[in-house]
Amino acid sequence: MKPIRLDGRSLTRAQLVEVAFGAQVMLDESALRNVAHAAAFLAEQVRREEPIYGVSTGFGSNADKLLGAHRLRRGLPGERATDESLLEELQRNLIVTHAVCVGEPFAAEVVRAMLVIRI
């Protein structure tokens, strides 16, 4: 069976079910170009230290908190030594703040379906 091509516009319910149960996927070239363009834009905004919700700031009630603020606490009690980039800090914080461990893990098919819908 050939891989399901993901272009961000044409995924059908039947394809979603195929992916959920193990079909391979591939990203369309135009989708990859769009991802590269968005990544370059975000990297430039982060380099310029522009606040962007969820990229260089926290989420929800922490939206007014800039990532990297812990760097200002160096030398204070409770300091956590790190050489993380802002992106690495964001990824770690996302996992820590969203890992609420409520309920049983989803079945693999559900996870695959959720991921392909998100892609």
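Here the structure is shown first, and the text comes after it.
Residues numbered from 1 in each chain as written. Predicted model: local features only at pLDDT ≥ 70, side-chain atom pairs only at ≥ 80, totals over all residues. Heavy atoms only, no water.

Q: I'd like to hear about the overall build of the protein, residue by residue, with values.
A: The secondary structure content of the protein amounts to four helices and two strands. Going from N to C terminus, the protein has its helices and strands arranged as β-α-β-α-α-α. A burial count over the protein gives 19% of its 119 residues as buried. Here the contacts in the protein between residues at least 6 apart in sequence split such that 30% fall between residues at least 24 apart. Carbon together with sulfur atoms contributes 62% to the accessible area of the protein, which is approximately 9400 Å² in total. (Helix = DSSP H or I, 4+ residues; strand = E, 2+ residues; numbered from the N terminus. Buried < 20%, exposed > 50% of the residue type's maximum accessible area, 1.4 Å probe, protein only. Contact = heavy atoms within 4.5 Å. Areas by Shrake-Rupley, 256 points an atom, 1.4 Å probe, with all protein chains shown as cover.)

Q: Can you explain the pattern of salt bridges? Please cite residues and give values.
A: Taken as a whole and judged by the stated rule, the model has three salt bridges. The residue Arg5 makes a salt bridge to Asp7 at a minimum N-O spacing of 3.5 Å. Across the pair Asp28 and Arg5 runs a salt bridge whose closest N-O atoms are separated by 2.6 Å. With Asp28 in the loop between strand E2 (25-27) and helix H2 (29-47) and Arg5 in strand E1 (residues 4-6), the pair connects residues that are 23 residues apart, well separated along the chain. (Salt bridge = Lys/Arg side-chain N within 4 Å of Asp/Glu carboxyl O.)

Q: Tell me about the nonpolar core, residues and numbers included.
A: Ranked by size, the top nonpolar core spans eight residues in total: Ile4, Leu6, Leu16, Val19, Ala20, Ala23, Ala113 and Val116. In terms of residue count, the dominant contributor to this core is helix H1 (residues 13-20) (three residues). The residues contacting Val116, other than those within four sequence positions of it, are Leu6, Leu11, Leu16, Val19 and Val25. (Core = buried A, V, L, I, M, F, W, Y, C linked by side-chain atoms within 4.5 Å.)

Q: Can you lay out the packing of H1 against helix H4 (residues 108-118) for me, pointing to particular residues and giving the numbers?
A: Packed helices, taken two at a time, are described by the angle between their axes plus the distance between the axes. Relative orientation of the contacting elements H1 and H4 amounts to 130°, with a least axis distance of 8 Å. The orientation of H1 relative to H4 falls into the category oblique. Here the hand of the crossing between H1 and H4 comes out right-handed. Residues Leu16, Val19 and Ala20 of H1 lie in contact with H4, whose contacting residues are Glu109, Arg112, Ala113, Val116 and Ile117. Tallied by class, residues from the contact of H1 with H4 come to six nonpolar, no polar and two charged. (Axes fitted to C-alpha atoms, helices over the stretch in contact; angles between N-to-C directions. Parallel < 35°, antiparallel > 145°, perpendicular 65-115°, else oblique. Left-handed = near helix turned anticlockwise from the far one by under 90°. Nonpolar A, V, L, I, M, F, W, Y, C, P; charged D, E, K, R; others polar.)

Q: Got a sec to walk through the environment of Met1? Specific residues and values, please.
A: Along the chain, the position of Met1 falls in the segment before E1. A residue is classified by how much of its surface remains accessible, and Met1, at 84% relative accessible area, is exposed. On a C-alpha basis, the gap between Met1 and Gln24 in space is 8.5 Å, while along the polypeptide they are 23 residues apart.

Q: Outline H2, listing residues and values.
A: For H2, which comprises 19 residues, the first-to-last C-alpha distance of 27 Å matches the rise-based estimate of 27 Å (1.5 Å per residue) to within 8%. After H2 finishes, the residue Glu49 shows a positive phi value of roughly 60°. (Expected span 1.5 Å × (residues − 1).)

Q: Explain the side chain of Gln45 to me, and be specific about the residues and the numbers.
A: Examined against the element boundaries, Gln45 turns out to sit in helix H2. Non-local contacts of Gln45, meaning those with residues more than four positions away in its chain, are made with Glu50 and Ile52.

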